[in-house]
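# Report on the structure
For reference, the chains in residue letters:
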Number of protein chains: 2
Amino acid sequence: MSKLILVSIGPGDLNFMLPAAREALASVDVVIGYRFYLDQIEPIRQAHQKVEVSQLGSEIARAERAVEIAMNGQSVAMVSSGDIGIYAMASPIFDTLMEHNWDGVSPEVVVYPGVSAIQGTAARLGAPLGHDFCTISLSNLLTPWTVIERRLEAGAWGDFVIGFYNPRSQRRDWQLQKAKEILLKHRSAETPVAISRNVTREDEKITLTTLGDLDVTMVDMFSMVLVGNSQTYRLGDHLVTPRGYLYEEDVSDSAANDFGRNAATSS
Amino acid sequence: MSKLILVSIGPGDLNFMLPAAREALASVDVVIGYRFYLDQIEPIRQAHQKVEVSQLGSEIARAERAVEIAMNGQSVAMVSSGDIGIYAMASPIFDTLMEHNWDGVSPEVVVYPGVSAIQGTAARLGAPLGHDFCTISLSNLLTPWTVIERRLEAGAWGDFVIGFYNPRSQRRDWQLQKAKEILLKHRSAETPVAISRNVTREDEKITLTTLGDLDVTMVDMFSMVLVGNSQTYRLGDHLVTPRGYLYEEDVSDSAANDFGRNAATSS
C-alpha cells in the first residue's frame, strides 16, 4: 500500500516521541531522513527496513525522493527531529505533492506531531509559555531578511514570548544580534532570556540570562533562544510567564466559572 | 519523596501522550485535575492512586491544592490536556510555588510537555506551521482586551500563521468576530482558515473555510481556529505554509549546505 508518513522524533530522548509516531514508523518499508535524525531513531528501527540517508543540502531533493518512493508503491517514513510540521520537512513534502498533482488519496499521507524545541525548552524552564507566544526562524536563506525583521518588530511590539529557531550558525552570525537590538527597542534589558541546547540529551545545557546581557556568541546551530514577555519573571532556575495580566483572586464567580469551563480546550 | 509533576495529556488519544509523561504519572501517590482531564487518563491510572477532582472555577485554588499536597510530603501529578505549559496549569503552579517561597528543591518539580492543540490540528491539516506562527488566547478573563487586541494587530501585521486558543464560548461570544475584523485589515479575505474540534478523538471534526467566510457561530469552546499567513495555500483537504518566501531551486550551494546543517536544530 502506497503510504507516506511524516514522523516527528521530538527533542532527542525517544521517551519524548509519541507512541502513535513510533508505531507508524515501525510499519513502513523505507525510512528517509537526514543522517542525524536517522541516528536518533536507530534503536527503534526495524531490521527489515531500508534506510535512505539524505545528503546535506536541498530539502527539496529529500522531499522529492520521499514522494517518489511512495508513488512507486512502497510505504515510506520521512523523519525529522522536533515536530516535523514546525520549520521542518512537512512543508517541502506537501509542496512536492502539489507539484506532482497529488489527488489527496494516493499515496495516503499522515503526519505525526511531536514535541518541538520550544516546548522541550519550556518544560525544562518551568512555565515560560503561559501566555501568547510566537516562533521566529532567523534563517534568511529562504526568507528575505525584510520579512524576518517585520516579524521581529511585530513580535516585540505585541509583547509575545518569542522562541528563536535557527538562531545562529557559523555562516549566519549577525542575525541574532540584530534581533536583540530590535527587541530592545520594545522590551526591557532585564527581560529574562534562556539559551537551551540539546534538551533531553546527555549534553543538555540551559543558560539563563537577560536580553541586555545576551551574548550571542554563546549561541550555535544546536541552540534555541527563548525571550520572555514583559510579565515573565525568573524563579531560581525557572522562568514563569503568568497566565494573565491581571491575575486577581477576585475574578467574579461567573467569569471564573467560564474560565474553568474553557480550560477544557485551553491547551 | 515530595514531588510535584506537571503532566501533559496531549489532544485526547493516549497514543499521543509521551511515554515519559505516562511513566511519570504512574509513579505518584495523588493525581489532581479538572474532571474532564481525569476522565481522559482513567484507562492508565494506577489502582492505588488517589484522585482529587478539581471544581470548576479558580485554577489558582487547583494550583494551591497541588502544591499543598506536595509540600505535605506526597508525590502528586497535576494533569492537563494539550501541553500543560501552553495556556494551562504550569503558570499557576509556578506562581503558587513563588508565593510559598519555594527553594527550587523541595518539592522537586518536573514538567512533561505534550502535543498542544495547534500541533494536533496542524498535523491533521498537513503543513500549516511551516513558517513563523503565533498563538493568541481570545479569553479576556485574565487579560485585558486591549492587550489581546494589540497581539491581534501584531500577529496580523507580522504575517504570522495564527492559532487561536479559547476562541469562543457561550459567554465570550464577540471576541472571535472582532479578531476576524482586525485580521481582515491586514490579510486577504481568501486566507485559508481551519476550525478543528476534538482532534484525535472519535468525534474529531475539521472544517476548512477562508477568513472572509469564517462563520464564528460554528466555533465553540472545544474548537481551535487556525489562520494561514499570506503564503498559505489549500491543497485539497490540506493546508500548506511554505517554508520560505523564495523557495527557489537555485539556492547557492553554500547556502543550501548551511541550511542543511541548520536543519539539524530546525524543529
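Residues numbered from 1 in each chain as written. Chains lettered and ligands numbered in written order. Predicted model: local features only at pLDDT ≥ 70, side-chain atom pairs only at ≥ 80, totals over all residues. Heavy atoms only, no water.

When its secondary structure is counted, chain A shows 8 helices and 13 strands. Its C-alpha atoms give chain A a radius of gyration of 21 Å, within 12% of the compact-globule value 18 Å for 267 residues. Across its three principal directions, the C-alpha atoms of chain A cover 60 × 50 × 40 Å. Considering chain A as a whole, with its 267 residues, one finds that 65% of them fall into the buried category. Sequence-distant contacts in chain A: of pairs separated by 6 or more residues, those separated by 24 or more amount to 69%. (Helix = DSSP H or I, 4+ residues; strand = E, 2+ residues; numbered from the N terminus. Rg over C-alpha atoms; globule rule 2.2 N^0.38 Å. Buried < 20%, exposed > 50% of the residue type's maximum accessible area, 1.4 Å probe, protein only. Contact = heavy atoms within 4.5 Å.)

With that out of the way, let us pick up the side chain of T209(B). Residues and elements named next belong to chain B. Looking at where T209 falls in the secondary structure, it is placed in strand 10 (residues 205-210). Residue T209 is classed as buried on the basis of its relative accessible area of 19%. If we ignore the near neighbours within four places in the chain, the residues touching T209 are T191, P192, V193 and L214.

Bringing the confidence of the model for chain A into the picture now. All names here are of chain A. Of the residues in chain A, 91% reach a pLDDT of 70 or more, and the chain-wide mean stands at 91. Within the model, the stretch residues 247-267 combines pLDDT values under 50 with 62 contacts to residues more than four positions away or in other chains. The ipTM value of the predicted complex is 0.91, and its pTM value is 0.92. (pLDDT = per-residue confidence, 0-100.)

Before going further, it helps to examine the relation of the copies chain A and chain B. Mapping one chain copy onto the other needs a rotation about an axis and a shift along that axis. Each copy of the sequence occupies a distinct position, and chain A is placed on chain B by a rotation of 180 degrees and an axial shift of 0.0 Å, giving an RMSD of 0.0 Å. Classification of the inter-copy transformation places it as that of a two-fold axis. Closest approach to the rotation axis within chain A is made by the C-alpha atom of C134(A), at a distance of 2.0 Å. (Least-squares fit on C-alpha atoms with pLDDT ≥ 70 in both.)

What follows deals with unusual backbone geometry. Residue and element names in this part refer to chain A. Of note, the bond from S106 into P107 is cis; its omega dihedral lies within 30 degrees of zero at 0 degrees. By secondary structure assignment, the location of P107 is in the loop between helix 4 (90-99) and strand 5 (108-112). One non-glycine residue, N198, lies in positive phi territory at about 55 degrees. By relative accessible area, N198 is classed as buried at 12%.

Attention now goes to the interface of chain A and chain B. In this complex, chain A contributes 101 residues to the contact, which on the side of chain B involves 100 residues. Overall, the association of chain A and chain B removes approximately 10,000 Å² of surface from exposure, summing both partners, and the carbon and sulfur fraction of that is 59%. In this structure, the connection of chain A to chain B is made through 4 salt bridges. Run the count over chain A and chain B and you get 33 residue pairs in polar contact (both at pLDDT 80 or more). Looking at the side of chain A that touches chain B, the element that brings in the most residues is helix 8 (residues 253-262) of chain A, giving 9 residues. Looking at the side of chain A that touches chain B residue by residue, the classes come out as 52 nonpolar, 34 polar and 15 charged. (Buried area = accessible area lost by both parts, 1.4 Å probe. Salt bridge = Lys/Arg side-chain N within 4 Å of Asp/Glu carboxyl O. Polar contact = N/O pair within 3.5 Å; in protein donor to acceptor, adjacent residues only side chain to side chain. Nonpolar A, V, L, I, M, F, W, Y, C, P; charged D, E, K, R; others polar.)

We now examine the environment of H131(A). Along the chain, the position of H131(A) falls in the loop between strand 6 (126-127) and strand 7 (133-137). For the pair H131(A) and V161(A), spaced 30 residues apart in sequence, the C-alpha separation works out to 7.4 Å. In contact with H131(A), not counting residues within four places along its chain, are N229(A), T241(A), P242(A), R243(A), G244(A), Y245(A), Y87(B), T143(B) and R151(B). Of note is the side chain of H131(A), whose polar atom sits 2.8 Å from the side chain of T143(B). Looking at H131(A), its side chain comes within polar contact range of the side chain of R151(B), at 3.1 Å.

All names here are of chain A. The strand order 3-2-4-1-5 describes an open sheet built from 5 strands, whose pairing is parallel. The sheet terminates laterally at strand 3 (50-54) and strand 5, the two strands that pair on one side only. Going across the sheet, the axis of each strand differs from the next one's by a mean of 20 degrees, ignoring polarity. Inspection of the sheet shows strand 2 (residues 30-34) paired to strand 4 (residues 75-80) by 3 bridges, in the parallel sense. Within strand 4, the position partnered with V30 by the bridge is V76. (Pairing = 2+ DSSP bridges. Axes fitted to C-alpha atoms, helices over the stretch in contact; angles between N-to-C directions.)

Residue and element names in this part refer to chain A. Strand order across the open sheet formed by 3 strands is 6-13-12, with mixed pairing between neighbours. Both edges of this open sheet fall to strand 6 and strand 12 (233-235), since each of them pairs with a single strand only. Here strand 6 runs beside strand 13 (residues 238-240); their pairing, made up of 2 bridges, is parallel. Across the sheet, A127 pairs through a bridge with V240, a residue of strand 13.

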